[in-house]
Amino acid sequence: MIIIFGEKSYGKVDRVPGVCYVVTVFAHLNYLPLIPLRSYIVIEGTESGGEFRGKQIGVSLKSMIAGYARVWIGALTILAGIGAGVELNQALRARQMDGALIGLIAAGVLGLLSFFVGGKIGAGFQVAAHVVSVVMWFVLSGGAANRKAADATNFGLFLLFVANVGLLLFGLTRLFDHAGSSRKRELFDQLGVEVPDDDDEEPRESKWEEWDASEDRRRR
């Protein structure tokens, strides 16, 4: 068994479009975040080659929570969703409910898409996955054709519930994606950059040059 241990950034939050965002570097085991080590304000667009330019700050609680949730809860949700699909597939085949089987597949696909697509579109996929799952719940909770199908249905519905709770918690981390006005000012203050008016252009790379070299960080 291959064991990979190292440091990796997770929990991207507080994004100011075109300017910066916050991440936290974790000690990881096989890319699963374990211990938060430090957080950075990262200058957007400097991440090429797996590196970034930014400034180290105190560990961000928001980023830390997002880092744990998006990986650990995300993994749990996917595993529960796969388990629900396997179990409920048996019940649906026993009842010859091909339409419901299509709905089950649709819920799984929508749930996966919500993990990898951000913004309002990703949120829309998530809501659709929850709606289809609720419909599946009502369709399958009305009894089974035989004992084996009933057992598969009960366990499958439990896994479907777990998957939906996980997906909901994962989706709540979207609330951390963008920095509000007060957080934006705080980030700019930490960078030592003047906060522009709403109608002004966002700060460009030239404005970062006033930083002291000791404040810059480059990290793989």
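Residues numbered from 1 in each chain as written. Predicted model: local features only at pLDDT ≥ 70, side-chain atom pairs only at ≥ 80, totals over all residues. Heavy atoms only, no water.

1. So, the environment of Phe-176
- Here Phe-176 shows up in the loop between helix H4 (147-172) and helix H5 (181-191).
- Once the C-alpha coordinates of Phe-176 and Ser-63 are considered, the two residues, 113 residues apart in sequence, prove to be 8.0 Å apart.
- Setting aside chain neighbours within four positions, we find Phe-176 in contact with Val-13, Asp-14, Lys-62, Ile-65 and Ala-66. (Helix = DSSP H or I, 4+ residues; strand = E, 2+ residues; numbered from the N terminus. Contact = heavy atoms within 4.5 Å.)

2. Structural notes on the confidence of the model for the protein chain
- For the protein chain, mean pLDDT is 80; residues scoring 70 or higher make up 80% of the total.
- Predicted confidence in the protein chain is weakest over strand S5 (residues 217-218), with a mean pLDDT of 46, and strongest over strand S2 (residues 20-29), with 94.
- In the model, residues 210-220 has pLDDT below 50 throughout and makes 28 contacts with residues more than four positions away in sequence or in other chains. (pLDDT = per-residue confidence, 0-100.)

3. Considering the nonpolar core
- The biggest cluster of nonpolar side chains holds 14 residues, and the ones touching the most others in it are Val-16, Cys-20, Val-22, Ile-41, Leu-187 and Leu-191.
- Counting only elements with at least two residues in this core, the list comes to strand S1 (5-16), S2, strand S3 (32-43) and H5.
- Of the residues forming this core, the biggest block, three residues, is contributed by H5.
- When neighbours within four sequence positions are excluded, Leu-187 is seen to be in contact with Asp-14, Val-16, Cys-20, Val-22, Ile-41 and Ala-179.
- Core analysis: the second largest hydrophobic core is formed by 11 residues, Ala-100, Leu-101, Leu-104 and Leu-140 among them. (Core = buried A, V, L, I, M, F, W, Y, C linked by side-chain atoms within 4.5 Å. Buried < 20%, exposed > 50% of the residue type's maximum accessible area, 1.4 Å probe, protein only.)

4. What to know about helix H2 (residues 98-116)
- An ideal rise of 1.5 Å per residue puts 27 Å on 19 residues; H2 measures up with 28 Å between its terminal C-alpha atoms.
- Taken together, the buried positions of H2 are Ala-100, Leu-101, Gly-103, Leu-104, Ala-107, Leu-110, Gly-111, Ser-114 and Phe-115. (Expected span 1.5 Å × (residues − 1).)

5. A word on a nonpolar patch on the surface
- Together, Val-134, Trp-137, Phe-138, Phe-161, Val-165, Leu-168, Leu-169, Leu-172 and Leu-175 make up a nonpolar patch on the protein surface, roughly 900 Å² of accessible area in all.
- A per-element tally of the nonpolar patch places H4 first, with five residues.
- Tracing the backbone through its elements, the reader meets Leu-175 in the loop between H4 and H5. (Patch = residues over 30% accessible without salt bridge, like charges linked within 9 Å, V, L, I, M, F, W, Y side chains within 5 Å. Areas by Shrake-Rupley, 256 points an atom, 1.4 Å probe, with all protein chains shown as cover. Salt bridge = Lys/Arg side-chain N within 4 Å of Asp/Glu carboxyl O.)

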